[in-house]
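# Examination of the molecular architecture
Residues per chain are reported as follows:
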Amino acid sequence: MTPSAAPRPAARTPAWVVAAFVALPLMALAALVGALRLAPLPWQFETAWVPALDIALAWRVDGLSALMLLMITGVGTAVFVYAGGYFHGHPGQRRLYLLLSLFMAAMVGCVSADNLYTLFLFWEATSLLSFLLVGFEHERPASRRSAQQALLVTGLGGLALLAGFILIAQTLGTSRISTLVGLLPTAERSPVLIAGMLLVLVGAFTKSAQFPFHFWLPNAMAAPTPVSAYLHSATMVKLGVYLLARLDAGLDGWGLWEQLLQGVGSVTAAWGMVLALRERDLKRILAWSTVATLGTLVALVGLRGEGAGAAVGALLLAHALYKAPLFFVAGNVDHGTGTRVIDRLGNLRHAMPWTATAATLAGASMAGVPLSFGYVAKDLMGEARAAGEALAFAAWANTVFSAIAVAVAGVAAVRVFWLHPGRNETPQAHEGSIALVLPPLGLALLGLALGLFPHLAAPLVHGAGMAMVPGATAAPPLAPGLDAELLSYGLTFGLGAAVFLSWDPLHQRLDAAAQKLHRYSMLAHYERLLAAVPGWAARSTRALQHGRADGYMTRALGAIGLALTLAAWPLLSAGLPLPAPAAPGLLPAGAALLIGIGAVASLQLRERLAQLLAAGFVGWGSALMFLAAGAPDVALTQWVVETVFVIVAASVLRVLRRTGRSQAIAEPRWRVGALVLALALATVLTLIWLVVLAQPFDPSLSEWLGAHSLVAAQGRNVVNVILVDFRALDTLGEISVVMLSLLAASALLRHAGRPSAGSEPERTMDAQLPANGVDP
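Just so we're clear, the structure is a prediction, and the values are computed from it rather than from any experiment.

### A look at the overall build of the chain
When you go through the chain residue by residue, the secondary structure sums to 30 helices and 2 strands. Expressed as a percentage of the 776 residues in the chain, the buried residues total 45%. Of the contacts made within the chain by residues no fewer than 6 positions apart, 78% connect residues no fewer than 24 positions apart. Counting only carbon and sulfur atoms, one obtains 70% of the accessible surface of the chain, whose full area is about 36,600 Å².

### Examining the environment of valine 241
Checked against the element boundaries, valine 241 lands in helix H10 (residues 239-251). Setting aside anything within four residues of it in sequence, one finds valine 241 in contact with Ser208, Leu294, Leu297, Val298, Val301 and Leu316.

### Considerations on the confidence of the model for the chain
Of all residues in the chain, 85% have pLDDT values of 70 or greater, and the mean over the chain is 82. Segment residues 1-13: pLDDT under 50, and 25 contacts once partners within four positions in sequence are set aside and those in other chains are kept.

### Description of the environment of glutamate 188
With respect to the secondary-structure elements, glutamate 188 resides in the loop between helix H6 (177-183) and helix H7 (191-207). Separated by 17 residues in the primary sequence, glutamate 188 and threonine 171 have C-alpha atoms spaced 9.5 Å apart.

### Remarks on the pattern of salt bridges
For the structure on display, the rule yields 14 salt bridges. The shortest N-O distance in the salt bridge between arginine 280 and aspartate 504 comes to 2.8 Å. Pair noted here: arginine 280 is in the loop between helix H11 (255-276) and helix H12 (282-301) and aspartate 504 is in helix H20 (residues 503-517), with a separation of 224 residues, a long-range link. For the salt bridge of arginine 415 with aspartate 504, the shortest nitrogen-to-oxygen distance reads 3.2 Å. Taken together, the positions of arginine 415 in helix H16 (residues 392-418) and aspartate 504 in helix H20 put the pair 89 residues apart, joining distant regions of the chain. Under the relative-accessibility criterion, arginine 415 is labelled buried at 12%.

### Digging into a nonpolar patch on the surface
A contiguous nonpolar surface patch, about 410 Å² in accessible area, is contributed by Leu152, Leu529, Leu530, Val533 and Trp536. Looking at which element gives the most residues to the nonpolar patch, the answer is helix H21 (residues 522-544), with 4 residues. For tryptophan 536, the position within the fold is in helix H21.

### Structural notes on the pairing of strand E2 (residues 55-61)
For E2, a buried count of 5 out of 7 residues is recorded, marking the element as mostly surrounded by other parts of the structure. Connecting strand E1 (residues 43-50) to the antiparallel partner E2 that follows it, the hairpin turn spans 4 residues, and aspartate 54 within it adopts a positive phi of roughly 60°.

### Some remarks on the pairing of E1
In the sheet, E1 pairs with E2 via 7 bridges, with the strands oriented antiparallel. When the bridges of E2 are listed, threonine 47 appears paired with leucine 57.

### Describing the nonpolar core
Residues Trp216, Leu217, Tyr230, Leu244, Trp257, Leu316 and Val408 are the most contacted members of the largest nonpolar core, which totals 166 residues. Counting residues per element, this core draws most heavily on helix H13 (residues 306-337), at 19 residues. Residues in contact with tryptophan 216, not counting those within four places in the same chain, are Gln149, Ala150, Val153, Thr154, Thr206, Lys207, Ala209, His232, Met236 and Val237.

### Re the packing of aromatic side chains
As enumerated under the stated definition, the model contains 10 aromatic pairs in all. Consider the rings of phenylalanine 215 and tyrosine 526, whose centres lie 5.4 Å apart with planes at 40°: the pair is tilted. Remark: tyrosine 526 occurs in helix H21 and phenylalanine 215 occurs in the loop between H7 and helix H8 (216-219); sequence separation between them is 311 residues. Taken as a pair, phenylalanine 215 and tyrosine 526 share a single burial class, namely buried. Following the ring pairs from residue to residue traces out a cluster consisting of Tyr82, Tyr86, Phe87, Phe136 and Phe328.

### Brief notes about the side chain of arginine 340
Summarising the element assignment, arginine 340 is placed in the loop between H13 and helix H14 (353-367). Relative accessible area serves as the criterion here: at 18%, arginine 340 is assigned to the buried category. Those residues in contact with arginine 340, other than ones at most four positions away along the chain, are Met221, Arg280, Asp281, Leu282, Lys283, Ala330, Asp334 and Leu345.

### A word on the packing of helix H5 (residues 141-172) against H21
One can describe the packing of H5 onto H21 by two numbers: an axis separation of 13 Å at closest approach and a directional angle of 90°. As judged from the angle between their axes, H5 and H21 are roughly perpendicular. Judged by residue contacts, Gln148, Gln149 and Leu152 of H5 engage Leu523, Tyr526 and Leu530 from H21. Of the residues belonging to the contact of H5 with H21, the class tally is 4 nonpolar, 2 polar and no charged.

What counts, and where the lines are drawn
Residues numbered from 1 in each chain as written. Predicted model: local features only at pLDDT ≥ 70, side-chain atom pairs only at ≥ 80, totals over all residues. Heavy atoms only, no water. Helix = DSSP H or I, 4+ residues; strand = E, 2+ residues; numbered from the N terminus. Buried < 20%, exposed > 50% of the residue type's maximum accessible area, 1.4 Å probe, protein only. Contact = heavy atoms within 4.5 Å. Areas by Shrake-Rupley, 256 points an atom, 1.4 Å probe, with all protein chains shown as cover. pLDDT = per-residue confidence, 0-100. Salt bridge = Lys/Arg side-chain N within 4 Å of Asp/Glu carboxyl O. Patch = residues over 30% accessible without salt bridge, like charges linked within 9 Å, V, L, I, M, F, W, Y side chains within 5 Å. Pairing = 2+ DSSP bridges. Core = buried A, V, L, I, M, F, W, Y, C linked by side-chain atoms within 4.5 Å. Phe/Tyr/Trp six-rings, centres within 6.5 Å; stacked < 30°, edge-to-face > 60°. Axes fitted to C-alpha atoms, helices over the stretch in contact; angles between N-to-C directions. Parallel < 35°, antiparallel > 145°, perpendicular 65-115°, else oblique. Nonpolar A, V, L, I, M, F, W, Y, C, P; charged D, E, K, R; others polar.

Below, the structure written as structure tokens:
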């Protein structure tokens, strides 16, 4: 639903509120520009957060961060102004401004963070806020589905990113990004470090809609136009490219890194542009071209050389300056005509002259017309590919991208505003307010100015390039030549013009093929996976939550045994150091005998109360073992809790029997699986115990307690000092457990002694037993 498609409530946002939201990014932009002129980069500062885990709120702004910050605040200002006109009178305007402000703050945190975990915190904040922004019109099912899809894809990628960050930080011993970049070139390429790098790539690819995760971004066009213009041209989708560019300074020499970036980026660039041909919605056409541009950026990051960094910086800036205006143009067309379908649009320059001007200027930059900043960026891209040992496929992918980019620019700027399709359905078209016209026109004019005077953008572009290639001294000029480049541009423009003129027949063929092959697309795989989740959940729930305690216990003990085996395997595989044999003392031997008798008796007895009492011998034997080990407090707690538990359970069994609610459960005498599991777990625990006993005793803790008991706690009895000072909270917890157990036991004992009203007389033991001899 567009802002003009349905009547809006009369709610209005006061002008001073809009001015305040617009002033915020403007002030940030002005402060950043002023600071860049007064203080040289980089800026960095740090404050401790979790020192024990090497996590700090560390911030660093270099040339790449400064370029991203300028785009975040500059385009953000235009979005705030545009949203004021687009959502004029909309009851959700305040909510939109709040979400956009929070999103801007999260983006600022991402591009200025110098700690992996701090960056991840803001990274996930952008995913969550983009979910709220894409689903802004949450009453529409399409918006909810698109927001869910964006959150699932980028959220799962975020989990992979966190795992990669952890592996890299643990391998290199630091989570400081600037330090990591310096260590990576000489770091050993271990399997753990390679796995961390691959996980980081997955996280960055999902965020920047790289193949095969590309499908979520066009579907996110269900978001309102101001959201699309901000998230999908200058901020969120470029966050993955920013992270790759940030780490490229340390991974630039890794062949796997370069090949994956160039390969995935080139496939995304070519495939995204081809898929744009099958669309009829203007916003979705622009969205697929954004996917293609993101692929081109990723491929450029994978190139070597100083020119690649400058090309990345130039394309980042050029794309923001032409794609945001084109999204604004699509929003103006929708706002002024009620449709974005290009078949129903045409010859709108008379009704919407200012929007047509903005579309023409932005489209020229997208097509790479000379004297536009897009032409400057394409010149740098060509030089970077020539000097950076690009893959052969990357050259073909770039040709497809450049040609169809010309065609997409022609659709957005020429077809809609200058051609008449023959069945124009928008005679009511009208120009929007100044708030809808000024942002696209201003950004498009800025792109034209930087194209005419590229030296104005040179500090930003070269600063970003230097940040990606540390130690670089030579910076490629931003003044493209007009000889060989014009020839290359002429060929690209010719191919693009042919695609533009053949858009409709190409669309028909691609759409027919896409419908036949839809079942093999990544979107179809995603939908099938999502549809299968409830079935998997139901089957796993039936398998795991079956209601039988023995099954729960089997899985729990099996998992514990497996975890212990994996943890102890390095020690066990190195050779089992057995402790020196020694005759056990009388108390430990008696405790072991008591535990064994209780365990065997609880397995053989069939009457529940007798089983309970026999199991109590295990607990009492364990208490004797604690006492023999010199832990009388633990032994006392074990005695009390075991006794109280037997009393409570026996009381419950007696009440159930007396009220006739006890039930018999037929159980086999022997369970082979349970026996094997018990023996395996006992073997693992015994081996671990033997390994621990074979280690020499470390008296450092005992010596420290003996040295500090009198000095720190004024107590000569070390045990008492430990209980009431060094571990006072633990002792308080034990006392609480014992007291609560006694209170519960006393209440149950009082209740168990009273006959319940209307209950049957207690039956004898013989009368209770069923025919099969199994106790209820």
